[in-house]
Amino acid sequence: MITADIERLLRDTIGMNADSVSGSVIQFALKQRMAATQIAEPAAYWRLVTESRHELQELINAVVIPETWFFRDREAFAAMVRHVRANRRPGQPIRILSLPCSTGEEPYSAAMAMFDAGFSRLDFRVEGIDVSTRNIAEAERAVFGRNSFRGEDLAFRGRFCEAVPGGYRPIAAVREQVTFRAANLFDVAVPVAPESYDIVFCRNLLIYFDRTRQERALGRLRQLLAPGGMLLVGPAESSLPTLCGFVSARMPMAFAFLKQSAETVLRPEAVPPPRAKLPPRRSAPAVTRPIQRRRDIAPHLDAATDPAKTSLAAIERAANAGQLNEAKAAAGQHIDRFGPTADVYYLLGLAHDAAGEPALAIENYRKTLYLAPDHRETLAHLALLLQRQGDVTSAKMMNNRLARIEKRSRAP
Ligand SMILES: C[S@@+](CC[C@H](N)C(=O)[O-])C[C@H]1O[C@@H](n2cnc3c(N)ncnc32)[C@H](O)[C@@H]1O
């Protein structure tokens, strides 16, 4: 009984949809808080958490999923730099928001990327906001262990971090660019002037909301962004912004969108020239080569450097631009030429998903998972789609798989 009440409370305060996380996440947080407050009786805990703002905050701190790392989805930071270079207003500092910023890796990465791009400390500022006071305290402490540094290219750590007991800390020049504060995206009382930001990172948050709250959140993000400003979302959230007044920035694998408005001026650097039309759509991708099970798939595609990557980037670009039939046709050709891979089935799944073809999207997401069982973005997309289809049990199974993978990746 109390679990259902707590789920409702969390949905109403921070937007968390209980179906989007494994059931044990909320149960576990509840158990933890009841132990910490030495309350054995569920009804007594319910009274406390509904009467005490402090306890509600502690419950939120215990339940949120803080998973993050430096330069997560690297292309997003490259997209930010390209956008601000192309749309700079002389004399005005560039304003960047990371909401949610979790423990700070994302806003610090943004500051590092800006320095790397040649901007000076007076050219920009970065703000990090998160609903978890515990995460904000960690962000301000700014000591990061191994899990915050993933992937192979860690050269930025040598340039921008110093070794300290317990890990690495961004150097003072980086830390001074970033300010933090604890706030809830849904809290209308949070005083943020409208159109305050040129760039908003809101990544890996919308996946935890139901559709109504996703729309409310995107409405709020639109308010925060200056006209023509850029919104960056997570890979599993990339089908959402175009439903709420954003247009794709057409930057492959960046999951970047622009606030659509009369004043939006897209300079040539921001929008690649239109692609030549691809041949007509194939009805279904023919799997002409034996499928090999692969576990080591990179979760995100790097900028194209070889023919297969170039081809994947073209599919992604077409899908991002809303040219869904072309994306699907190009994916079919890709499979004929390079063979079936998790990456191409993932993109095909995304294209079918965005085209409102759930059965084909599910089929392709499942093919991705056959080839790359730990493909997190696919698990997240598939869970959302199954949930939208009303298949709550299968959606939960996908979310449980995702939670197990995230837990494994956090293990020391
Ligand atoms: C998975 S992390 C994402 C961090 C980072 N953006 C990234 O992609 O690496 C999700 C974060 O969202 C925060 N969060 C959840 N609900 C929120 C809300 N309503 N307002 C602000 N932050 C929220 C959580 O505290 C958590 O730190």
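Scroll up a little and you will see the structure.
Residues numbered from 1 in each chain as written. Predicted model: local features only at pLDDT ≥ 70, side-chain atom pairs only at ≥ 80, totals over all residues. Heavy atoms only, no water.

Mapping Arg376 onto the fold places it in helix 15 (residues 376-388). Taking C-alpha positions, Arg376 is 7.9 Å from Ile405, a pair spaced 29 residues apart along the chain. Within polar-contact distance, the side chain of Arg376 engages the side chain of Glu67 at 3.2 Å. (Helix = DSSP H or I, 4+ residues; strand = E, 2+ residues; numbered from the N terminus. Polar contact = N/O pair within 3.5 Å; in protein donor to acceptor, adjacent residues only side chain to side chain.)

Another aspect to go through is the site of the ligand. For the ligand, the set of nearby residues contains 21 residues, the closest of which are Thr68, Pro100, Asp130, Asn184 and Asn204. The separation between an oxygen atom of the ligand and a polar side-chain atom of Thr68 is 2.6 Å. The backbone of Pro100 places a nitrogen or oxygen atom 2.8 Å from a nitrogen atom of the ligand. Isolated, the ligand exposes 610 Å² of accessible area, and the fraction of that covered by the protein chains is 98%. Partitioned by chemical class, the residues of the shell around the ligand number 10 nonpolar, six polar and five charged. (Near = heavy atom within 4 Å. Areas by Shrake-Rupley, 256 points an atom, 1.4 Å probe, with all protein chains shown as cover. Nonpolar A, V, L, I, M, F, W, Y, C, P; charged D, E, K, R; others polar.)

What follows covers the sheet that holds strand 8 (residues 246-248). Strands sit in the order 5-2-1-6-7-9-8 across an open sheet of seven strands; the sheet is mixed. With one partner strand each, in any of the chains shown, strand 5 (178-182) and strand 8 form the two edges of the open sheet. Each adjacent strand pair in this sheet contributes to an overall mean axis angle of 25 degrees, direction not counted. Pairing analysis gives five bridges linking strand 1 (residues 94-98) to strand 2 (residues 124-130), with the strands arranged parallel. Across the sheet, residue Leu97 finds its bridge partner in strand 2, namely Glu127. The strands touched by helix 6 (residues 105-116) are strand 1, strand 2, strand 5 and strand 6 (197-201); relative to strand 2, the strand with the most contacts, the crossing angle is about 170 degrees. Against the sheet, helix 10 (residues 211-224) contacts strand 1, strand 6, strand 7 (225-232), strand 8 and strand 9 (256-259), and its axis sits at roughly 130 degrees relative to strand 7. (Pairing = 2+ DSSP bridges. Axes fitted to C-alpha atoms, helices over the stretch in contact; angles between N-to-C directions. Contact = heavy atoms within 4.5 Å.)

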